[in-house]
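Topology and contacts: notes
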Amino acid sequence: MMACLLEAPLRISVLSEVTATSRHYVDRLFDPDPQNVLQGVIDMKNAVIGNNKQKANLIVLGAVPRLLYLLQQSSSSLELRTECAVVLGSLAMGTENNIKSLVDCHIIPALLQGLLCSDLIFIEACLRCLRTIFISPVTPVQLLYTDPTVIPHIMSLLSRSQHTQEYITQIFAHCCKTPEHQMVLFNHGAIQNIAPLLISPSYKVRMQALKCFSVLAYENAQVSMTLVNVLVDGEQLSQVFARMMQRDKPIEMQLTAAKCLTYMCRAGAIRTDDNCIILKTLPCLVRMCSKERLLEERVEGAETLAFLMEPDIELQRIASVTDHLVSMLADYFKYPSSVSAITDIKRLDHDLKHAHELRQAAFKLYASLGSNDEDIRKKITETENMMDRIVSGLSESSIKVRLAAVRCLHSLSRSVQQLRTSFHDHAVWKPLMKLLQNAPDEVLVMASSTLCNLLLEFSPSKEPILESGVIELLCSLTQSDSPALRVNGIWALMNMAFQADQKVKVEIVRALGTEQLFRLLSDPDTNVLMKTLGLLRNLLSTRPHIDQIMSSHGKQIMQAVTLILEGEHSIEVKEQTLCILANIADGNTAKELIMTNDDMLQKIKYYMGHSNVKLQLAATFCISNLIWNEEDGSQERQDKLREMGFVDILHKLTQASDPSLCDRAKTAMQQYLA
């Protein structure tokens, strides 16, 4: 008991002692003698270097506002102002909380103001401190852009020294986060001002300049197109970047140069078959995926490579046969640490914590590799335990891994072969359905796209999915605010209804509800409208089904068809609608809904004479079905349509220049002759 009592007061006295020495440093900042103040700041500088505890104490005791006051006072000597900037820079080197405190004290406007001074040593100290603050994730980058005069002024300081070049390019590289930021920097001459720094004698300057170009070019066509024409010391920029990817250059430089060329290529400024892409960039990125590289390099290499070849089947084919890439990626699941890091215990610990980033990158790259070519997909699914890895990826705790795994699955699900084999063997649909329960939108979009493919009629997964209550889930997707989710929900229902039995069709109509079906038929998104028409066409596909659905919903369906044919819609939408009408005309009882609707018949007549052949074909098909001989009441229908002038139109169409239209008109005419 005694020991405990003794311990507590001791601890208090030690703490007050630390605070007392820190308090002493802060008190000296208020000394009336400027010389003492200067010495106080210098002593403080030496006390805080590498001492996070001391930094935190000084911040708590209010050193920052006083240092900022001294920094901004015109009566302070240049030496004092510079030393203040240095101490503030040192305080910023501490924890994220330190940075938050500094930003809350309005350090950024004070330092930016300081850049207007003419003294280079002071400017460099301010820039160094700004650099440390802006590279922290807790600093709002927007603060660099608040005052429009700041960026042009900082650009003008690039020529002052190697230090200003290093700090400014590093600030730009970290603070260029949006297309707006890219344009502000671009419009203030970032490209012309930074390009010469790529051949600076200082490695740090070259590296930061390179990073600037990678963030400026990312998904930006204007910047990328400009970069292609820039010369540095008489050499094209793409050549400079290519040289920076040589194997003897530092990995960070190789990787960043590869990113620059990748972004320029994706923005359309460099062709995908250009040698600098095929012979330099792609092999460089594949090298980054080897297990010799550090985790961060493998992640960035794989993600950049995935982005580079996403839209291009040729690049996908080349990459798939470069350095055994497909099996190299399998190591992403097995060896989080690079071979070189095995002895470094801190590194091993770090890599285990970040292993999920590797899995995410591997899934992304597999998705990109397999997005078009059947042989590559086969190669991927035959890689050891690949399907099991994807299935476990779908239920990982990291949302990013789940998204990447489902992207990978979606890419592989484009293969008829894979849907029939590995997808079925691994019952992939189960974890996929689970993922659809309450995922964020971007995961839902990918997962529901994959589900659309699993519901195609040749997919063996279609039956078990149907039995798992998927219809309700898809109907709820069609009510989403996101057009992509509405499209996927209705698309999956459309695939499900294709050649389905009556029970499934009735269930779809019941679950979707006629109100929602007709809401989708007036959806502002054309894709949603097209897929809804596709669903309707698949529902109305065999005679008994057509008659049954039209007997219960005929009035509304005819109304919807009328609205679409009268509305401002594309040829595709109207063609699909006329095909639905042709299906209705094929029903036994359903065709009466058209025959008794003179307005609809006039519309069919109008489209038979339309300038677009597709619409003429579809409309002629409707008439063909209405007058078909072997059916009850065909004589009355033929007579009515003859009176309305349809025979004359058919006769005219038998001379049409389009062979299929001509044939269809002749087939229809034969019904009258039989």
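Residues numbered from 1 in each chain as written. Predicted model: local features only at pLDDT ≥ 70, side-chain atom pairs only at ≥ 80, totals over all residues. Heavy atoms only, no water.

**A word on the overall build of the protein**
In terms of helices and strands, the protein carries 43 helices and two strands. Against the compact-globule benchmark of 26 Å for 674 residues, the protein has a radius of gyration of 35 Å, which places it well outside the compact range. Across the 674 residues that make up the protein, the buried fraction comes to 54%. Of the contacts formed within the protein by residues at least 6 apart in sequence, a portion of 68% connects residues at least 24 apart. Taken as a whole, the protein presents about 30,500 Å² of accessible surface, with 54% of it coming from carbon and sulfur. Taken as two groups, the 66 positive and 74 negative side-chain charges of the protein have centres that lie 3 Å from each other. (Helix = DSSP H or I, 4+ residues; strand = E, 2+ residues; numbered from the N terminus. Rg over C-alpha atoms; globule rule 2.2 N^0.38 Å. Buried < 20%, exposed > 50% of the residue type's maximum accessible area, 1.4 Å probe, protein only. Contact = heavy atoms within 4.5 Å. Areas by Shrake-Rupley, 256 points an atom, 1.4 Å probe, with all protein chains shown as cover. Lys, Arg positive; Asp, Glu negative; His and termini not counted. Charge placed at Lys NZ, Arg CZ, Asp CG, Glu CD.)

**A word on the packing of helix α4 (residues 63-72) against helix α7 (residues 107-114)**
Axis separation between α4 and α7 bottoms out at 10 Å; the angle between their running directions is 20°. When the interaxial angle is binned, α4 and α7 end up roughly parallel. Crossing angle aside, the handedness with which α4 passes α7 is left-handed. Seen from α4, the contacting residues are L68, L71 and Q72; seen from α7, they are I107, A110 and L111. Within the contact of α4 with α7, the residues separate by chemical class into five nonpolar, one polar and no charged. (Axes fitted to C-alpha atoms, helices over the stretch in contact; angles between N-to-C directions. Parallel < 35°, antiparallel > 145°, perpendicular 65-115°, else oblique. Left-handed = near helix turned anticlockwise from the far one by under 90°. Nonpolar A, V, L, I, M, F, W, Y, C, P; charged D, E, K, R; others polar.)

**Some thoughts on the UniProt feature "repeat: ARM" (unreviewed entry) in the protein**
UniProt marks residues 62-98 and 512-554 with the feature "repeat: ARM" (unreviewed entry), using the numbering shown here. With 76% helix and 0% strand, the stretch residues 62-98 has end C-alpha atoms that lie 12 Å from each other. Note that residues 512-554 is 79% helix and 0% strand, and that its end C-alpha atoms are spaced 16 Å apart. (UniProt positions renumbered as here; feature names shortened; annotations may be inferred.)

**Section: the packing of aromatic side chains**
Overall, the coordinates contain six aromatic pairs when judged by the stated rule. On the basis of an interplanar angle of 70° and a centroid distance of 4.9 Å, the ring pair of Y218 and Y263 is categorised as edge-to-face. One end of the pair, Y218, is in the loop between α13 (203-217) and α14 (221-228); the other, Y263, is in helix α16 (residues 251-266), and 45 residues separate them in sequence. Put simply, the rings of Y218, Y263 and F307 pair up and form one aromatic cluster. One residue, R266, lies across the ring of F307, its end atom 4.3 Å from the ring centre. The ring of F621 carries the charged tip of R664 above its face, separated from the ring centre by 4.3 Å. (Phe/Tyr/Trp six-rings, centres within 6.5 Å; stacked < 30°, edge-to-face > 60°. Lys NZ or Arg CZ within 6 Å of the ring centre and 35° of its normal.)

**What to know about the nonpolar core**
Membership of the largest hydrophobic core comes to 239 residues, with the highest contact counts inside it found for F241, L369 and L581. Contact partners of L369, with chain neighbours within four places excluded, come to M309, Q316, A319, S320, L325, V326, L329, I376 and I380. (Core = buried A, V, L, I, M, F, W, Y, C linked by side-chain atoms within 4.5 Å.)

**Digging into helix α2 (residues 34-48)**
Helix length check: α2, at 15 residues, gives a terminal C-alpha distance of 21 Å against a target of 21 Å (1.5 Å per residue), a fit within 8%. Of all the residues in α2, the buried ones are V37, L38, G40, V41, I42, M44, K45, A47 and V48. Near the N-terminus of α2, the side chain that reaches the backbone nitrogen of Q35, with its oxygen 2.9 Å away, is that of D33. Positive phi shows up at G50, right after α2, with a value of about 70°. (Expected span 1.5 Å × (residues − 1). Polar contact = N/O pair within 3.5 Å; in protein donor to acceptor, adjacent residues only side chain to side chain.)

**Things to note about the pattern of salt bridges**
Per the counting criterion, the structure on display carries 32 salt bridges. As a salt-bridge pair, R271 and D273 come within 2.6 Å of each other at their nearest N and O atoms. Put simply, R317 and E314 hold a salt bridge, and the shortest N to O gap is 3.3 Å. Linking R317 with E314, this pair stays in helix α19 (residues 313-320), spanning three residues, or about one helical turn. Residue classification places R317 among the partly exposed residues on the basis of a relative accessible area of 36%. (Salt bridge = Lys/Arg side-chain N within 4 Å of Asp/Glu carboxyl O.)

**Regarding unusual backbone geometry**
Backbone geometry at H106 places phi at a positive 65°, although glycine is not the residue there. Within the secondary structure layout, H106 lies in the loop between α6 (96-104) and α7. According to the relative accessible area criterion, H106 is exposed, its value standing at 57%.

**So, the state of the cysteines**
By the definition in use, this model includes zero disulfides. C84 carries a free sulfur, and the closest cysteine sulfur to it, the one in C126, is 10 Å from it. Judged by its relative accessible area of 0%, C84 is buried. C284 provides the cysteine sulfur closest to C289, a residue in no disulfide bond, and the two sulfurs are 9.9 Å apart. (Disulfide = S-S within 2.5 Å.)

**Points about the environment of E636**
Mapped onto the fold, E636 is located in helix α41 (residues 634-643). Relative accessible area serves as the criterion here: at 56%, E636 is assigned to the exposed category. Considering only alpha carbons, one finds E636 and L536, 100 residues apart in sequence, at a separation of 28 Å.

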